[in-house]
Amino acid sequence: MNYENYDPIFPDQPVVDQYLPIWASPSAFRSKPAFIWSEGGTTNVSNGSTLTYAQLNDSVQSISIQLLHSLQRSDTVIILCTPGLELVEIIFGCQRAGLLSVPIFPPDPSFSKQNHHHLLRALSQTKPKAAIAHHDYITKVQQYLSLPSKDKKLAQMLQNLKWVPTEDVKHKNADLRLDSMSYDGCKPDETYLIQYTSGATGIPKPVLVTAGSAAHNVRTARKAYDLHPNSVIVSWLPQYHDCGLMFLLLTIVSGATCVLTSPAAFVNRPRLWIELITQFKATCTPVPSFTLPLVVRRGGVETGSSPINLWSLRNLIIINEPIYKASVEEFLHMFKPFGLNPSSISPSYGLAENCTFVSTAWRNDDNSGNSCFPVFPSHNKLLPIARLASEEEEEDMDIIVVNEHTHEPVDDGIEGEIWVSSPSNASGYLGHPFLTQDIFKGRLSNKVSRCFVRTGDNGIVKGEERFLFVTGRCAEVIKLPNGQDIHPHYIETAAYNSCPQFIRGGCLAAFDVSRMIVLVAEMQRSEKDNKILRNICERIRENVFENEKVDVGMVVLVKSASVPKTTSGKIQRWAAKQYFLGGKMNALMELKFDNDGGFLRSGNGRGSYGEGEEGRAVIAEEKEEVVYSLSSAPWLARL
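The present account deals with the structure reproduced in this document. Keep in mind it's a predicted model, so treat the numbers as computed, not measured.

With that out of the way, let us pick up the overall build of the protein chain. Assigned secondary structure in the protein chain consists of 19 helices and 27 strands. Taken across its 639 residues, the protein chain has 59% of its residues classed as buried. Partitioning the contacts of the protein chain with sequence separation of at least 6, the portion at a separation of at least 24 is 73%. On the protein chain, roughly 26,700 Å² of surface is accessible, and the fraction owed to carbon and sulfur atoms is 49%.

Turning our attention to the sheet that holds strand 15 (residues 386–387). Read across the sheet, five strands follow the order 15-20-19-17-16 without closing on themselves; strand pairing throughout is antiparallel. Every other strand in the sheet has two partners, leaving strand 15 and strand 16 (398–402) as the edge strands with one partner each. The pairing of strand 15 with strand 20 (residues 467–473) spans two bridges and is classified as antiparallel. Counterpart to Arg 387 in the pairing with strand 20 is Phe 467.

This part covers the pattern of salt bridges. Enumeration over the complete set of coordinates arrives at 22 salt bridges. Of the charged contacts in the structure, one is a salt bridge between Arg 314 and Asp 226, with a shortest N-O distance of 3.3 Å. Remark: Asp 226 occurs in the loop between helix 9 (211–225) and strand 9 (232–235) and Arg 314 occurs in the loop between helix 13 (291–298) and strand 12 (315–319); sequence separation between them is 88 residues. According to the relative accessible area criterion, Asp 226 is buried, its value standing at 17%. A salt bridge links Arg 269 to Glu 275; the shortest N-O distance between them is 2.9 Å. Residue Arg 269 is classed as partly exposed on the basis of its relative accessible area, which comes to 30%.

Along the polypeptide, Ile 252 turns up in helix 10 (residues 242–254). Under the relative-accessibility criterion, Ile 252 is labelled buried at 0%. Each C-alpha atom, one on Ile 252 and one on Val 16, is 7.1 Å from the other, the two residues being 236 residues apart in sequence. When neighbours within four sequence positions are excluded, Ile 252 is seen to be in contact with Val 16, Tyr 19, Leu 20, Trp 23, Phe 35, Tyr 53, Leu 56 and Phe 92.

What follows covers the environment of Ala 155. Within the secondary structure, Ala 155 sits in helix 7 (residues 152–159). Ala 155 sits in the buried class, given a relative accessible area of 1%. The residues contacting Ala 155, other than those within four sequence positions of it, are Leu 145 and Lys 150.

It is worth spelling out the packing of helix 16 (residues 488–498) against helix 17 (residues 530–548) at this point. The geometry of helix 16 relative to helix 17 is characterised by a closest axis approach of 8 Å and an angle of 125° between their N-to-C directions. Taken as axis vectors, helix 16 and helix 17 run oblique relative to one another. For the crossing formed where helix 16 meets helix 17, the hand is right-handed. Residues Tyr 490, Ile 491, Ala 494, Ala 495, Asn 497 and Ser 498 of helix 16 pack against Arg 539, Ile 540, Asn 543, Val 544, Asn 547 and Glu 548 of helix 17. Its residues assigned to classes, the contact of helix 16 with helix 17 comprises six nonpolar, four polar and two charged.

Here the focus is helix 5 (residues 117–126). Within helix 5, burial applies to Leu 119, Leu 120, Ala 122, Leu 123 and Thr 126. The buried residues of helix 5 occupy one face: seen down the axis, they fall within an arc of 165°. Among the structural elements, strand 3 (76–80), strand 4 (100–103), helix 7 and strand 7 (191–196) are those in contact with the buried residues of helix 5. Looking at the residues trailing helix 5, positive phi occurs at Lys 127, about 50°.

Here we come to the packing of helix 4 (residues 85–96) against helix 10. Look at helix 4 against helix 10: their axes get within 12 Å of each other, and the N-to-C directions meet at 75°. In terms of axis orientation, helix 4 runs roughly perpendicular to helix 10. Residue-level contacts link Val 88, Ile 91 and Phe 92 of helix 4 to Leu 245, Leu 248, Leu 249 and Ile 252 of helix 10. Tallied by class, the residues present in the contact of helix 4 with helix 10 amount to seven nonpolar, no polar and no charged.

Quick notes on the rules
Numbers given to residues run from 1 along each chain, matching the order in which its sequence is written. In view of the model being predicted, local features appear only for residues whose pLDDT reaches at least 70, and side-chain atom pairs are presented and counted only at 80 or more, with totals across whole chains, interfaces and linings using the full set of residues. The side-chain figures draw on all heavy atoms in the structure; neither hydrogens nor water molecules are used. In this text, helices come from DSSP runs of H or I with a minimum length of four residues, and strands from runs of E with a minimum of two, each type numbered from the N-terminal end. Whether a residue is buried, partly exposed or exposed follows from its accessible area with a 1.4 Å probe, protein chains only, as a fraction of its type maximum: under 20%, in between, or over 50%, in that order. The criterion used for residue contact is that any of the two residues' heavy atoms lie within 4.5 Å. Note on areas: Shrake-Rupley, 1.4 Å probe, and residue coverage restricted to the protein chains presented here. Any two strands with at least two DSSP-identified bridges between them are counted as paired. Take a side-chain nitrogen of Lys or Arg and a carboxyl oxygen of Asp or Glu: if they are within 4 Å of each other, that pair is a salt bridge. Think of each axis as a best-fit line through the C-alpha atoms, taken over the contacting stretch in the case of a helix, with angles from 0 to 180 degrees between the N-to-C directions. Here roughly perpendicular refers to angles of 65 to 115 degrees, roughly parallel to angles under 35, roughly antiparallel to angles over 145, and oblique to all remaining angles. Handedness of a crossing is defined here by the sense of rotation of the near helix relative to the far one, left-handed for an anticlockwise turn of less than a right angle and right-handed for a clockwise turn. Any residue outside Ala, Val, Leu, Ile, Met, Phe, Trp, Tyr, Cys, Pro, Asp, Glu, Lys and Arg is labelled polar, Gly included; the first ten of those are nonpolar and the last four are charged. Directions drawn from the helix axis to the C-beta atoms are what define this arc.

See the structure below:
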């Protein structure tokens, strides 16, 4: 496929950073905002909350020069900046300096809240030479290092780092009079980024991304969504990896404007997302699938003071498969009166191992009428996330569905594992050569073919238009007593629909324990009436059986924020299972059923499942199974 920019005067570049000086040169673009930051959960944009293309290019050039005063090209640096425009500048500055960057969310510098495990993982795996952070953050880290009670392993790693304050690299004068032809930043074949998988099916893994594959990925996304210099993007996604980071690059490749806010601001007040779309007349916004029902429940359509108008929106990009058609219909029903066009719905598919973007079911060049939501087909309540090319169409993003055991392509209509091959494929996992070989070097059996990334996702292709549906993850399939398989999200959805007034949406986890299905559900509030809690458990079991013909063996009602999630809101069922087996679920009620639906045992939240010899034996068996799966399952690093 030939990717061209929208103006031949601005040709495509081999790496994303090289678009910046091109956009910053014409007078029409110099003052054009590249990024706008919304602070504190409001739509008010203060002075200093906007970066024009000229400002960003100059800042990136200055940062790159300052960084190379104390670092050498190809050094690895860990970026510990909170969400905001400064993080954007640092990410691009590292690329222009030719550094390998590892952006992660900075944990509390007291390291007392047990949220520093990912930092410890990143430091031990990537072995960075330096850390870039705000001066105040560095001061607090130094205070932690002076404490006698510090974690010795973490302290040693922090002490070995060269700490670089953002103030030092941003505000010192630098000679910006460098010839743009002497660009010495990251080359297309060089690894410029380590982005961690979110950890939805296992411990997060470091993915090696080259500058060229990232550029190809966002050029592909730009064409798929028809983005251009007049596009306005609104995003609250985390800027450290995956879709949130990709949209920073996509903004620059498209010459667009991107309005950013933090995930915390959105979660605290979901209506903010709608208000930003309205205020800035956004044409594009990417959101995880849980966003739509959350905004329906907590969006404050009737109570908000500012008006809502979504007429400008052309791409409502929905990620985090699987995507239920009912939740999209509910969202459209609420916001159609406010100008939301159903044709803007863009279900999409991506994964870190392919940089991020893979494909979308939305097509801007389709005259058949099949690329807009009202006529999207559905499969088992789900929307398609891509439409595969026919044999006559040329696509360099090759997506196939194969039998995960035989590695042979399956016919349309047969469920299998999704494989992806494209120039966007990442290089592999840092420090995991065998896993890299297994995941990134997939080949069809008895056939000479290019290498594919094995996504670990189950999918099915249906219809003449060859729509692709993601049905679930290979590692999470639950085997039923009748020999059939079911994906846990169907059990979770039926469980939530039984008591939506009591259970938190998107906060349920289903998994099997010794051939018994366990359903863990967060309560909206800490109900203390055991009769009510028991009734909720019964209704969950009844509704799951009525809708999915599945017997739930045990229901565990837990306090809010007990079900583990990734930073992008995906349920970590593997971690929920570990917490359950270890009695760490903050349970309000545990109710185990016999085969006839009667009670075998109930508990009031003291981890009764693990009590007694039988319980300890089952826990030991399941822990051994979990440890084995973490060490050998090829999907543990999948998003």
